[in-house]
Amino acid sequence: MTDALYSLSISQLGPLLARREVSPLEVTDQLLERIEGLDGQLHTYLTVDADGARAQAREAEGRLAKGEATPLTGIPLALKDVLVTRGLRTTCGSRILENFVPPYDATVCARLRQAGAVFLGKVNMDEFAMGSSTENSAFGPTHNPWNRDCIPGGSSGGSAAAVAADLCSASLGSDTGGSIRQPASHCGVVGLKPTYGRVSRYGLVAYASSLDQIGPLTKEVRDAALLLNCIAGHDRRDSTSLDAAVPDYLESLGREIKGLKIGVPREYFGGGLDPDVDAAVRQALKTLEGLGAELVEVSLPHTEYAVAVYYLVAVAEASSNLARYDGVKYGFRGEGRSLLEMYGATRTQGFGAEVRRRIMLGTYALSAGYYDAYYRKGSQVRSLIRGDFDAAYKKCEVVATPISPTPAFRLGEKMADPLTMYLSDIFTISANLGGIPGISVPCGFSSGGLPIGLQLMGPPLGEAALFQAAYAFEQATDWHKRKPQL
Ligand code: GLN
């Protein structure tokens, strides 16, 4: 009974903890041991906080004994290293923050702490969340648990791989253009990007502020609902967080999907789609239809502009957000005889190549005389993309698409060619541009044995319908039950 506690989902562990058949410390110790034994091969963690985790586990134990537990009490989690944690190093995958120990918790971390969760540590990511493969981490890449020669996806690659490899019960990531959903798809786990504003971003290191959202990566759909129940809601410290009531997302699980209208956008099934991905996603659509959903063809005509718009808006906002890393207030400081030289040395040595590329692109796009041609124009096309979704949601409740045009590619394969790397985000970035929620659920494997994800997107604050459809799909299939051989 008590072996392999490390492999259990939150929903499986919860009742065992509640009935006190296993203790939070037992689960935590098993996971710490497994990380110790296996993470050398995968490199999902940047910082393991064994002492902190054990202390939290003991506290959770006390709460369980007193009957003051929540569904997350005693659950060991991994946090993407973009979320600040009080007293625990937060690097954002960058040299510039290599030794940064935040004096406060991100709101999501504070809420999870309050709920009694246990933090095992901080997991790997592309530097400042810029990337699709975790290869842009200053501390070396994470490997895909299904094939160590492949990328785990990114930027939340550590979060996804740690869940898939049973090195945590669940994790949090952030998604600016697909960074939760794409690694979830490549690692065969569930990943949810909530509606823009659904979750407070206070304490999330900012990348592109009009796009960033925090969300869960989990072993099953129900766990994502449990985590969203805890982290969603208004926060006066984040002016973009929505002041909208948070429903109990568990209530949408188990509702049948008979009659649910699922839109299939023709623009997402064209050329360039890997045949294994195409086949798996089409089979998933058939499964949903078999459950009584009604498939309707929809069109999202501005999809072809999404990558271009994203890589304008995101880099422009990044160039502004990253201006704060000047070597003065915190983080790494380079040497220089003058202030300007010091700034230059700090930013040249502190940032990696991709981050520097984006800061330069963004600075150019925002500079006097170019703002109208680039950022403003990009924002206008963004409104058209949002309009596409508004029109589609008049015809359907949920939109179903692939997550990524291919299964996980090989480490190093796209590093020399940023444009090809950017194009791999084609199916995920529209949800960020539109501010809408999207979830990835495992829907099959490639002939090479790599996981494939199905994306379900909903209208703003439509998370409940996503959970309903994703859960129904999950119950009808068993892709999520497969585990990589490690
Ligand atoms: N791959 C995209 C990028 O490189 C998305 C990253 C993200 O969602 N943080 O920007």
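Remember, predicted model here, so these are calculated numbers, not experimental data.

Here we come to the overall build of the protein chain. When helices and strands are tallied, the protein chain shows 15 helices and 11 strands. For 486 residues, the compact-globule estimate of 2.2 N^0.38 gives 23 Å, and the protein chain sits close to it at 21 Å. Projected onto its principal axes, the C-alpha coordinates of the protein chain cover approximately 65 × 55 × 45 Å. A buried classification covers 60% of the 486 residues belonging to the protein chain. Long-range contacts, defined as pairs at least 24 residues apart, comprise 76% of the intrachain contacts of the protein chain with a sequence gap of at least 6. Element-wise, carbon and sulfur atoms account for 51% of the exposed surface of the protein chain, whose accessible area totals about 17900 Å². Side-chain charges of the protein chain comprise 48 positive and 53 negative groups, with the mean position of each set lying 3 Å from the other.

According to the stated counting rule, one finds 17 aromatic pairs in the structure shown. Taking the centre distance of 6.0 Å and the plane angle of 40 degrees together, the rings of Tyr-370 and Tyr-374 count as tilted. Taken together, the ring pairs in this structure connect Phe-100, Phe-128, Tyr-325, Tyr-330 and Phe-351 into an aromatic cluster. Above the ring of Phe-139, the side-chain terminus of Arg-89 is found at 5.8 Å from the ring centroid. Lying across the ring of Phe-409, Lys-414 places its NZ or CZ 4.5 Å from the centre.

On to the state of the cysteines, then. This structure, assessed with the given rule, holds 0 disulfides. Cysteine Cys-109 shares no disulfide, and the gap to the nearest cysteine sulfur, in Cys-230, comes to 10 Å. With relative accessibility at 0%, the residue Cys-109 sits in the buried group. Cys-187 supplies the cysteine sulfur nearest to Cys-150, a cysteine that is in no disulfide, at a spacing of 10 Å.

Another aspect to go through is the sheet that holds strand β6 (residues 213-218). Ordered in space as β1-β3-β2-β4-β6-β5-β10-β11-β9-β7-β8, the 11 strands form an open sheet in which the pairing is mixed. Unpaired on one side and paired on the other, β1 (45-48) and β8 (294-298) mark the two borders of the sheet. Each adjacent strand pair in this sheet contributes to an overall mean axis angle of 30 degrees, direction not counted. Pairing between strand β2 (residues 76-80) and strand β4 (residues 170-175): 3 bridges, direction parallel.

Our next topic: the nonpolar core. Counting 146 residues, the largest nonpolar core has Leu-112, Phe-128, Leu-456 and Phe-467 as the members making the most contacts within it. Considering every element that reaches this core, the biggest residue donor is helix α9 (residues 306-321), with 9 residues. Setting aside its immediate chain neighbours within four residues, Leu-456 contacts Leu-288, Val-398, Val-399, Ala-400, Pro-437, Gly-438, Ile-439, Leu-466, Ala-469 and Ala-470.

Moving on, we get to helix α12 (residues 372-392). When the terminal C-alpha atoms of α12 are compared, their 29 Å separation across 21 residues agrees well with the 30 Å that a helix rising 1.5 Å per residue should span. The set of residues buried in α12 consists of Tyr-375, Gly-378, Val-381, Arg-382, Ile-385, Asp-388, Phe-389 and Ala-392. Buried-residue contacts for α12 involve β8, α9, α11 (353-366), α14 (429-434) and β11 (451-457).

Our focus in this paragraph is unusual backbone geometry. Omega for the peptide link from Gly-154 to Ser-155 comes to 5 degrees, which places this bond in the cis form. One can find Ser-155 in the loop between β3 (118-123) and α5 (157-164). Positioned with a positive phi, Cys-92 is a non-glycine residue whose angle comes to about 60 degrees. Tracing the backbone through its elements, the reader meets Cys-92 in the loop between β2 and α4 (107-115). Here Cys-92 falls in the buried class, since its relative accessible area comes to 0%. Its identity is not glycine, yet Leu-461 carries a phi of approximately 60 degrees, on the positive side. Assignment of secondary structure puts Leu-461 in the loop between β11 and α15 (463-476).

On to a nonpolar patch on the surface, then. Side chains of Tyr-364, Tyr-370 and Tyr-374 sit close together on the surface and give an oily, nonpolar patch of about 280 Å² of accessible area. Structurally, Tyr-370 is set in the loop between α11 and α12. Classification of Tyr-370 by relative accessible area gives partly exposed; the value is 33%.

Moving on to the packing of α4 against helix α7 (residues 221-231). Running from amino to carboxyl end, α4 crosses α7 at an angle of 105 degrees, the nearest separation of the two axes being 9 Å. In terms of orientation, α4 and α7 fall into the roughly perpendicular class. On α7, the residues touching Val-108, Arg-111, Leu-112 and Ala-115 of α4 are Leu-227, Cys-230 and Ile-231. Among the residues forming the contact of α4 with α7, the class breakdown is 6 nonpolar, no polar and 1 charged.

With that settled, the discussion passes to the site of the ligand. Thr-176, Gly-177, Ser-179, Tyr-310 and Arg-358 are the nearest of the 15 residues found near the ligand. At 2.9 Å, a backbone N or O of Gly-131 approaches an oxygen atom of the ligand. Within the side chain of Ser-179, an N or O atom sits 2.6 Å from an oxygen atom of the ligand. The residue makeup of the shell around the ligand, split by class, is 5 nonpolar, 7 polar and 3 charged.

This next bit is on the side chain of Ser-159. Its location among the elements puts Ser-159 in helix α5. For Ser-159, a relative accessible area of 0% translates into the label buried. Of note is the side chain of Ser-159, whose polar atom sits 3.0 Å from the backbone oxygen of Leu-172. If near-sequence neighbours (up to four positions away) are discounted, Ser-159 is found in contact with Lys-80, Val-123, Asn-124, Ser-171, Leu-172, Gly-173 and Leu-217.

What counts and how
- Residues numbered from 1 in each chain as written.
- Predicted model: local features only at pLDDT ≥ 70, side-chain atom pairs only at ≥ 80, totals over all residues.
- Heavy atoms only, no water.
- Helix = DSSP H or I, 4+ residues; strand = E, 2+ residues; numbered from the N terminus.
- Rg over C-alpha atoms; globule rule 2.2 N^0.38 Å.
- Buried < 20%, exposed > 50% of the residue type's maximum accessible area, 1.4 Å probe, protein only.
- Contact = heavy atoms within 4.5 Å.
- Areas by Shrake-Rupley, 256 points an atom, 1.4 Å probe, with all protein chains shown as cover.
- Lys, Arg positive; Asp, Glu negative; His and termini not counted.
- Charge placed at Lys NZ, Arg CZ, Asp CG, Glu CD.
- Phe/Tyr/Trp six-rings, centres within 6.5 Å; stacked < 30°, edge-to-face > 60°.
- Lys NZ or Arg CZ within 6 Å of the ring centre and 35° of its normal.
- Disulfide = S-S within 2.5 Å.
- Pairing = 2+ DSSP bridges.
- Axes fitted to C-alpha atoms, helices over the stretch in contact; angles between N-to-C directions.
- Core = buried A, V, L, I, M, F, W, Y, C linked by side-chain atoms within 4.5 Å.
- Expected span 1.5 Å × (residues − 1).
- Patch = residues over 30% accessible without salt bridge, like charges linked within 9 Å, V, L, I, M, F, W, Y side chains within 5 Å.
- Salt bridge = Lys/Arg side-chain N within 4 Å of Asp/Glu carboxyl O.
- Parallel < 35°, antiparallel > 145°, perpendicular 65-115°, else oblique.
- Nonpolar A, V, L, I, M, F, W, Y, C, P; charged D, E, K, R; others polar.
- Near = heavy atom within 4 Å.
- Polar contact = N/O pair within 3.5 Å; in protein donor to acceptor, adjacent residues only side chain to side chain.

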